[in-house]
Each structure stands twice: as structure tokens, then as C-alpha cells.
Amino acid sequence: MRLFTLLTCLSVALLAATCRPNTSSAPQFQQLHRTWLHAQEEDQGDVLVYRPNTYSFPPSRGRTGFSFDPNGLFTQFDIAPTDGLEGRKGTWKPESSHTLRIALDDKRDPDYSLEIVSLEKDVLKVRRVQ
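Undergrad: Before we move on, can you summarise the packing of aromatic side chains with the specific residues and values?
TA: Following the criterion strictly, the structure yields seven aromatic pairs and no others. Measuring from ring centre to ring centre gives 5.3 Å for F68 and W92, while their planes differ by 85 degrees; the resulting arrangement is edge-to-face. Highlighted residues: F68 in strand 3 (residues 65–68) and W92 in strand 5 (residues 85–96), separated in sequence by 24 residues. W92 shares its class with F68; the two are buried. Ring pairs connect the aromatic residues F29, Y50, F66, F68, F74 and W92, which therefore count as one cluster. Sitting over the face of the ring of W36, R34 holds its NZ or CZ atom 5.2 Å from the ring centroid.

Calculation rules
- Residue positions are given per chain, counting from 1 as you read along its sequence in written order.
- Where local features are concerned, this predicted model is filtered to residues with pLDDT of at least 70; where side-chain atom pairs are given and counted, the filter is 80 or more; whole-chain, interface and lining totals use all residues.
- Excluded from the side-chain calculation are hydrogens and water; included are all heavy atoms of the structure.
- Aromatic rings from Phe, Tyr and Trp, taking only the six-membered ring of Trp, are treated as a pair when their centres fall within 6.5 Å; an angle between ring planes under 30 degrees marks them as stacked, one over 60 as edge-to-face, and anything in between as tilted.
- Secondary structure elements are defined from DSSP: runs of H or I of at least 4 residues count as helices, runs of E of at least 2 residues count as strands, and each element is numbered from the N terminus.
- Three exposure classes are used, based on accessible area relative to the maximum for each residue type with a 1.4 Å probe and protein chains only: buried under 20%, partly exposed in between, and exposed over 50%.
- Here, a charge over a ring means that NZ of Lys or CZ of Arg falls within 6 Å of the ring centre while also lying within 35 degrees of the ring normal.

What follows is the structure, given as C-alpha cells:
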């Protein structure tokens, strides 16, 4: 009987620990869940402007960007040596209601934060913070 009670309590504790809300799915972050490309023509000082990858961009020699998945997975798109895009996997998580922490798996660059200046349906404005 004691073993059954102990196993029941342990099961409840494990379920409670795994049932935490996914903060990356909070309403203020749901619009992030897509692929964004850098619209460098629209940058304003240290504020970087991104548009959805479906946006009709003017011609450019290449566009970097990133993708936010609802489950906290992140892909950063850099210009590859062959002029295409190279995807680097990582994770993202909210630091506050307007700041995200980015960690790339390959650790070639240090982790960084993105401050969300504004987020609308078709435009994301961020400021990168080290």
C-alpha cells in the first residue's frame, strides 16, 4: 500500500512539473511563429526591420532572417558561403513581455537577446542586445 501511495504521489508531482504553460505560446508571441527575413532597406538606426518570408521584397543580394516555432525552436538564417541561406538551429524563450533570449546550438556566437520594439501582422521591429 505504501508503495502504491508513493508511486501515485510521484506520478502527480511529475505531471504537475511537465504541465507548465508554454510561455512561447503566450498571445504576445503568437505572431512571431513564422519565418522572418531582414528588410534592411527599412532599418531605422539600431532598430532592425523584418518581414514575413512571403513578403514581396525588392531585389537584394541576400537576406538574413530567422524562424520562431511555437515549441521554442529557433532557426537563424545567415548568408552561406555559396550565397544561399544557411540555417543554424537553436532555441528561443521569453525573458520578459518584450525581450527574447536566443541560444544557437552550434555556439559559434554567444547567446543574445532581441528586444521587440514592435510586432504587427506583417512587420517585426527588433533591437539586438548582447
